[in-house]
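Chain by chain, the residues run as shown.
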Amino acid sequence: MTGTFITAGPFEGQKPGTSGLRKKTAQFSAPHYLECFIQATLTAVGAKGKTLVLGGDGRAFGREAAAIILRMAAANGVAKVIVGRDALLSTPAASHLIRLHGADGGIILSASHNPGGMDGDFGVKYNIANGGPAPESVTAEIHAETLRLSGYRISATAAPDLTQEGSHRLDDMLVEVVNPVADYAALMESLFDFKAIRAMFAAGFTMKFDAMCAVTGPYAVEILERRLGAAPGTVMNATPLPDFGGMHPDPNPTWAADLYGLLMGPDAPDFGAASDGDGDRNMVVGRGIYVNPSDSLAVLAANAHLAPGYAGGLKGIARSMPTSTAADRVAKALGIEAHETPTGWKFFGNLLDAGRITLCGEESFGTGSDHVREKDGLWAVLLWLNILAVTGRSVRELMEDHWQRFGRTFYSRHDYEALPVAPAEAVMAGLRQSLSGLPGTVVGDTSVTLADDFAYHDPVDGSESRSQGLRVVFANGARFVLRLSGTGTEGATLRLYLEQHSDSPADFARDPQEALSAVIAAADQLAKITSLTGRPAADVVT
Ligand code: VG1
Ligand code: CO
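Predicted model, so just to flag it, every value in this text is computed and none were measured.

The rules behind these values
Residues numbered from 1 in each chain as written. Chains lettered and ligands numbered in written order. Predicted model: local features only at pLDDT ≥ 70, side-chain atom pairs only at ≥ 80, totals over all residues. Near = placed C-beta within 6 Å. Nonpolar A, V, L, I, M, F, W, Y, C, P; charged D, E, K, R; others polar. UniProt positions renumbered as here; feature names shortened; annotations may be inferred. Helix = DSSP H or I, 4+ residues; strand = E, 2+ residues; numbered from the N terminus. Axes fitted to C-alpha atoms, helices over the stretch in contact; angles between N-to-C directions. Parallel < 35°, antiparallel > 145°, perpendicular 65-115°, else oblique. Left-handed = near helix turned anticlockwise from the far one by under 90°. Contact = placed C-beta atoms within 7 Å. Core = buried A, V, L, I, M, F, W, Y, C linked by C-beta atoms within 7 Å. Buried ≥ 20, exposed ≤ 12 C-beta atoms within 10 Å, placed from the backbone. Pairing = 2+ DSSP bridges.

Visitor: How would you summarise the site of ligand 1 if you had to cite specific residues and measurements?
Guide: As a structural note, the neighbourhood of ligand 1 is formed by 18 residues, with Thr18, Ser112, Ser485, Gly486 and Thr487 the closest of them. A breakdown of the residues in the shell around ligand 1 according to their chemical character gives one nonpolar, twelve polar and five charged.

Visitor: For the UniProt feature "domain: Alpha-D-phosphohexomutase alpha/beta/alpha" (unreviewed entry) in the protein, give the residues involved together with the corresponding values.
Guide: In this structure's numbering, the residues bearing the UniProt feature "domain: Alpha-D-phosphohexomutase alpha/beta/alpha" (unreviewed entry) are residues 14-147, 183-285 and 294-406. As a span, residues 183-285 carries 37% helix and 15% strand, and end to end its C-alpha atoms are 27 Å apart. Counted over residues 294-406, helix gives 45% and strand 16%. Its end C-alpha atoms are 13 Å apart.

Visitor: Before we move on, can you summarise the packing of helix H2 (residues 33-45) against helix H5 (residues 136-148) with the specific residues and values?
Guide: Two elements in contact, H2 and H5, have axes whose closest approach is 8 Å; the angle formed by their N-to-C orientations is 125°. In terms of their interaxial angle, H2 and H5 are classed as oblique. Crossing hand, H2 versus H5: right-handed. For the pair H2 and H5, the contacting residues are Cys36, Phe37, Ala40, Thr41, Thr43, Ala44 and Val45 in the first and Val138, Glu141, Ile142, Glu145 and Thr146 in the second. Its residues placed into classes, the contact of H2 with H5 shows seven nonpolar, three polar and two charged.

Visitor: Help me get a handle on the packing of H2 against helix H3 (residues 62-75), residues and values and all.
Guide: As a packed pair, H2 and H3 sit with axes 10 Å apart at the nearest point and diverge in direction by 45°. Classed by the angle they form, the pair H2 and H3 counts as oblique. Judged by the twist between their axes, the crossing of H2 over H3 is right-handed. Here H2 contributes Leu34, Glu35, Ile38, Gln39 and Leu42 to the contact with H3, which in turn contributes Ala65, Ile68, Ile69, Met72 and Ala73. Class assignment for the residues of the contact of H2 with H3 results in eight nonpolar, one polar and one charged.

Visitor: Explain the nonpolar core to me, and be specific about the residues and the numbers.
Guide: Ala73, Val81, Ala220, Ala301, Ile317 and Leu383 are the most contacted members of the largest nonpolar core, which totals 135 residues. By residue number, the principal contributor to this core is helix H13 (residues 377-391), which donates eleven residues. Core analysis: the next-biggest nonpolar cluster, separate from the first, contains 31 residues, Tyr411, Ala492, Tyr497 and Ala522 among them.

Visitor: Outline unusual backbone geometry, supporting the account with residue identities and numerical values.
Guide: A cis amide bond, omega -5°, links glycine 9 with the succeeding residue proline 10. Within the secondary structure layout, proline 10 lies in the loop between strand S1 (4-7) and strand S2 (21-24). The backbone phi angle of aspartate 86 is positive, close to 60°, even though this residue is not glycine. Note that aspartate 86 resides in strand S4 (residues 80-88). By the C-beta count within 10 Å, which is 20 here, aspartate 86 ends up buried. In the Ramachandran plot, asparagine 237 falls in the positive-phi region, its phi being about 50° despite a non-glycine side chain. Inspection of the secondary structure assignment puts asparagine 237 in the loop between strand S11 (235-236) and helix H9 (257-264). Since 23 C-beta atoms lie within 10 Å of it, asparagine 237 is described here as buried.

Visitor: Outline helix H11 (residues 326-334), supporting the account with residue identities and numerical values.
Guide: The periodicity of an α-helix, 3.6 residues per turn, causes residues three or four positions apart to be oriented the same way. Taken together, the buried positions of H11 are occupied by Ala326, Ala327, Arg329, Val330 and Ala331. Backbone geometry just downstream of H11 places glycine 335 in the positive-phi region, at approximately 70°.

Visitor: Any chance you could break down the sheet that holds strand S15 (residues 316-320) for me, citing the residues and the numbers?
Guide: With respect to topology, four strands assemble into an open sheet ordered S16-S15-S17-S18, the strand pairing being mixed. Of all the strands in the sheet, the pair left with one neighbour each is strand S16 (337-341) and strand S18 (366-369). Sheet twist, expressed as the average angle between the axes of neighbouring strands with direction ignored, equals 15°. Across the face of the sheet, helix H10 (residues 293-303) comes into contact with S15, strand S17 (359-362) and S18 while running at roughly 170° to S17.

Written out as structure tokens, the structure reads:
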């Protein structure tokens with residue numbers, strides 16, 4: 001060990017949530033706060049002699065944090081760090097670099113879909129050697145270390161200039177500054193039929209991609225405009241900004257309202273998509289038609305074989321528990337395994353590593369495959385484009401074809417954001433207490449068949465994860481799920497997930513909120529959301 005030991009900490013509350021540790025930027029950048037969390041991470045995973053990947057989504061404090069982490073890595077005996085130029089790496093690109101270089105792990109500087117800037121959020125996530133988010137066993141060890149430590153080790157040497165690609169030294173440690181886009185773009189080119197997509201653009205196909213002033217801008221410009229020939233200007237908000245230009249980089253109809261409005265309006269292009277702060281989420285919109293993320297996973301699974309990277313078919317499909325069952329119906333038709341995991345990408349890692357699944361997804365605009373170990377926004381957009389190019393169908397036609405074949409699974413998520421903690425916990429506690437008595441209870445014109453607190457038994461490593469969300473299933477196939485967000489930094493966010501399947505073509509054109517109205521009412525009756533929170537309606541509906 002080299003460098004200086006600075007006495008500091010421990011800090012309470014450095015417990016990684018659904019996806020790393022997220023706090024207000026002001027808190028993360030306060031003296032010793034980032035440093036103590038990084039020291040806990042380096043100690044917990046054993047840094048000496050290791051190779052790490054480092055990068056982030058360009059939000060405020062990212063470059064400063066990268067410089068601090070490099071000086072700490074050197075002082076903790078790390079052998080080599082591969083860093084994206086300007087400390088930029090999308091989350092899927094970081095996952096790919098870890099795998100490509102056989103690195104031992106990586107540190108991603110992002111609070112993902114949370115707003116950025118000095119009055120926004122910052123985050124740090126540790127990924128393991130498979131390229132995926134650290135599993136609960138590792139994050140628990142990091143958290144335990146945050147409470148044990150008494151300071152951190154840091155080199156006095158300045159970090160190298162991260163604007164320059166190439167090899168640098170920091171004391172005994174090698175720092176390799178790499179182009180953040182090149183390897184990722186090559187991976188995409190190996191998976192998809194770029195020739196067919198290029199021909200589709202050349203024939204007049206139009207699209208808009210909203211990078212939301214976050215990390216996907218440079219990736220999308222390189223891939224969509226330069227390599228695939230989409231018109232210049234196809235990528236909107238293409239320059240990553242420290243505060244994301246004041247945007248909330250969460251690709252959904254509420255926060256990507258400009259793109260959404262464009263696709264629903266008279267001048268709509270053929271296709272629209274958006275990504276989030278760190279590039280792992282995607283929203284897909286066709287001309288006049290919104291594609292629900294759960295449906296997107298199902299449609300991609302049913303058609304993935306049309307892309308060269310998946311021509312051999314799928315091994316299996318996994319979805320998070322609150323994600324709709326639309327993908328299960330595709331798995332059944334394909335005769336492949338279907339898995340249901342807790343919320344958060346870390347739970348897909350073992351299934352992907354074991355070769356049990358090829359595609360996986362979450363209702364929260366996350367879709368991905370075994371090409372990396374993170375969800376991947378641009379990957380999903382390219383798979384959609386590949387399918388559109390090969391079939392010649394529009395997004396609307398593909399959706400309607402899908403519903404004809406598999407039925408339509410109406411789905412919506414209602415978020416009650418920034419609630420005071422007490423009423424949010426009261427909603428959860430109240431429903432949890434009533435679960436055992438619910439089966440058989442008549443609600444509206446149906447009755448409860450199953451009510452539980454979801455527990456996951458990992459079929460690969462045998463680990464158990466309890467209390468992953470309250471779910472209530474009805475005799476008519478409707479279902480609702482209730483859980484608290486693990487990515488917020490203010491109060492509590494309650495997520496209500498709603499689903500109702502129909503095989504009747506007469507239903508397919510129904511508005512989802514209307515088709516779900518009975519299960520929405522049932523959820524409020526059983527969970528008492530309106531009365532306990534005093535909120536008449538959700539803040540964000542997707
Ligand atoms: C949310 C989503 C979850 C997703 C997670 C990280 O978590 O619901 O599906 O994996 O964000 O996404 P939560 O605990 O707030 O519900 V990202 O793009 O913010 O890394
Ligand atoms: Co994200």
